[in-house]
Amino acid sequence: MSESQNSAANAATDGAIQADVVIIGAGPCGLFQIFELGLLGIHAHIVDSLKHPGGQCSELYPEKPIYDIPALPVCGAQELVDRLITQTKPFNAQYHMGEEMVELKALEDHTFLLRTSLDTRFHARAVIIAGGLGSFQPRRLSVEGVEAFEGSRVHYKVKSASEFTGKRLVIFGGGDSALDWTLEFAGRARSVTLVHRRPEFRGAPASVAKMHDLVAHGSMRYVEAIGHSLMTEGAEFRGVRVKRTDGEIEELPADHALVFYGLHPKLGPIAEWGLNIDKRAIQVDTEKFQTNIPGVFAVGDINTYPGKKKLILSGFHEAALAAFAVAARLNPAKKIPLQYTTTSPIMHKRLGVPD
Ligand SMILES: Cc1cc2nc3c(=O)[nH]c(=O)nc-3n(C[C@H](O)[C@H](O)[C@H](O)COP(=O)(O)OP(=O)(O)OC[C@H]3O[C@@H](n4cnc5c(N)ncnc54)[C@H](O)[C@@H]3O)c2cc1C
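Residues numbered from 1 in each chain as written. Predicted model: local features only at pLDDT ≥ 70, side-chain atom pairs only at ≥ 80, totals over all residues. Heavy atoms only, no water.

### Examining the sheet that holds strand E18 (residues 277-278)
With mixed pairing, three strands are arranged side by side in an open sheet as E18-E19-E21. The outermost strands of the open sheet, each flanked by one partner alone, are E18 and strand E21 (303-304). Pairing of strand E19 (residues 281-283) with E21 involves two bridges; the strand directions are parallel. Within E21, the residue paired with Gln 283 across the bridge is Thr 304. (Pairing = 2+ DSSP bridges. Helix = DSSP H or I, 4+ residues; strand = E, 2+ residues; numbered from the N terminus.)

### A word on the site of the ligand
Around the ligand lies a shell of 32 residues, among which Asp 48, Gln 56, Tyr 61, Met 101 and Asp 301 are the nearest. One of the side-chain nitrogen or oxygen atoms of Asp 48 is found 2.7 Å away from an oxygen atom of the ligand. Interatomic distance of 3.1 Å between a backbone N/O atom of Ser 49 and a nitrogen atom of the ligand. In the complex, the protein chains occlude 86% of the 1,000 Å² of accessible area that the ligand would expose alone. Residues of the shell around the ligand, tallied by class, amount to 15 nonpolar, eleven polar and six charged. (Near = heavy atom within 4 Å. Polar contact = N/O pair within 3.5 Å; in protein donor to acceptor, adjacent residues only side chain to side chain. Areas by Shrake-Rupley, 256 points an atom, 1.4 Å probe, with all protein chains shown as cover. Nonpolar A, V, L, I, M, F, W, Y, C, P; charged D, E, K, R; others polar.)

### Some words on the side chain of Ser 207
Mapped onto the fold, Ser 207 is located in helix H6 (residues 205-216). The class of Ser 207 is buried, set by a relative accessible area of 10%. Beyond its immediate stretch of four places on either side in the chain, Ser 207 contacts Leu 179, Asp 180 and Leu 183. (Buried < 20%, exposed > 50% of the residue type's maximum accessible area, 1.4 Å probe, protein only. Contact = heavy atoms within 4.5 Å.)

### Considerations on helix H2 (residues 28-39)
Helix length check: H2, at twelve residues, gives a terminal C-alpha distance of 17 Å against a target of 16 Å (1.5 Å per residue), a fit within 8%. Most of H2 is tucked away: twelve of the twelve residues are buried. The complete set of buried residues in H2 reads Pro 28, Cys 29, Gly 30, Leu 31, Phe 32, Gln 33, Ile 34, Phe 35, Glu 36, Leu 37, Gly 38 and Leu 39. With its phi angle positive at about 80 degrees, Gly 41 sits one or two positions after the end of H2. (Expected span 1.5 Å × (residues − 1).)

### A few points about the environment of Ile 312
When you line up the elements, Ile 312 lands in helix H7 (residues 312-330). Using a relative accessible area of 14% as the deciding quantity, one classes Ile 312 as buried. Setting aside chain neighbours within four positions, we find Ile 312 in contact with Pro 28, Cys 29, Cys 57, Tyr 61, Ile 66, Ile 69 and Leu 80.

### Examining the sheet that holds strand E16 (residues 256-259)
By definition, the strands of a sheet pair up through backbone hydrogen bonds, in either a parallel or an antiparallel sense. Reading across the sheet, the seven strands line up as E10-E16-E11-E12-E13-E14-E15 and stay open at both edges, with mixed pairing between neighbours. Only two strands of the sheet have a single neighbouring strand rather than two, namely strand E10 (154-155) and strand E15 (249-253). In this structure, strand E11 (residues 168-172) lies alongside E16, joined through four bridges in parallel fashion. Each residue of the ladder has a partner; that of Leu 169, found in E16, is His 256. Taken strand by strand, helix H5 (residues 176-185) contacts E11, strand E12 (191-196) and E16, and its axis lies near 160 degrees from that of E11. (Axes fitted to C-alpha atoms, helices over the stretch in contact; angles between N-to-C directions.)

### Observations concerning the packing of aromatic side chains
Applying the stated criterion across every chain, the model contains nine aromatic pairs. Taken together, a centroid distance of 5.4 Å and an interplanar angle of 20 degrees make the contact between Trp 181 and Phe 185 stacked. One end of the pair, Trp 181, and the other, Phe 185, are both in helix H5, four residues apart, so they sit about a helical turn from each other. We classify Phe 185 as buried; its relative accessible area is 0%. Counting every residue linked through ring pairs, the aromatic cluster contains Phe 32, Phe 35, Phe 91 and Phe 316. (Phe/Tyr/Trp six-rings, centres within 6.5 Å; stacked < 30°, edge-to-face > 60°.)

This is the structure in structure tokens:
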């Protein structure tokens, strides 16, 4: 590298967290990646746009049983995540949750500069993308012109509950988030109307009962409907119109709409990083699970190669081989022997197992 390139690289990496490896995505495969790296003595930082680890297992089917994890005839999806987190504990990975990785740049010296949505920056020697189907984004209220009010009048999460105290609220959704916030704001807000498209709710039955009780006591309203359009006056938000199940359009004047339609995964920024992508998945080799950018690896649902099957157990195998490839990259002069966890004293030391 020339001197000027060197100083540009130094300026870019100033203040960044120095990391051997950054894992993007804390689903089951990202979590197992921590373990496989840890066995080889490599510390990892792990970043996920969700507030909690677990990826699809925790977000989409936490209560469902999984039957094809080796040696666990049946295991709840959240239980699997909890077990993986426990298994990775000895390796003290640093978790950065609730941050989407938005930027990945390869530097001249073959290291990487990464930046998250909260502006956390990493200077890493290797990157492993375990991004699954992509980062989870809120499902949006599907009405014309909604973009103009998102973040100011139409919200997909509650950043600060005090913002809504004394306000007229329309809350959309039938899951736990919608019900929990409805119960929280009934009494604190000037008015609360819950809008849900059908009588069955996905949320906890006790919350549903409590909500109906509040309606019966006149503390809030419940309307069976879907969003129809926004009520606006010039550039001002005035509320929402909903289409009720009887076909009637009803106007709901409001200061804010809170929308809790759940999350869905979106490939998002990963598509912009110069990786070879085929049908929304990153192409990798099957020796190292390395992408077209040397030093950037991809494991789990996010990758593709001939014969790929999007199964947790495939991701576990990929994580093991990617860890060996990362170890070879970080220590090119060193031979990385295969060792058994059963018998290796150094692995016992890393795992905290007394010999
Ligand atoms: C209903 C259902 C049932 C299933 N049952 C089974 C089963 O029985 N057996 C089986 O083997 N598999 C099953 N699967 C599939 C299994 O869940 C996936 O194969 C597995 O979750 C993939 O793990 P992953 O870690 O690769 O990705 P994911 O679980 O998708 O996790 C990826 C994580 O990366 C994060 N992420 C993505 N992009 C970014 C970014 N830019 N910045 C920060 N974070 C990011 C996401 O927020 C997410 O948390 C099932 C899937 C579903 C939906």
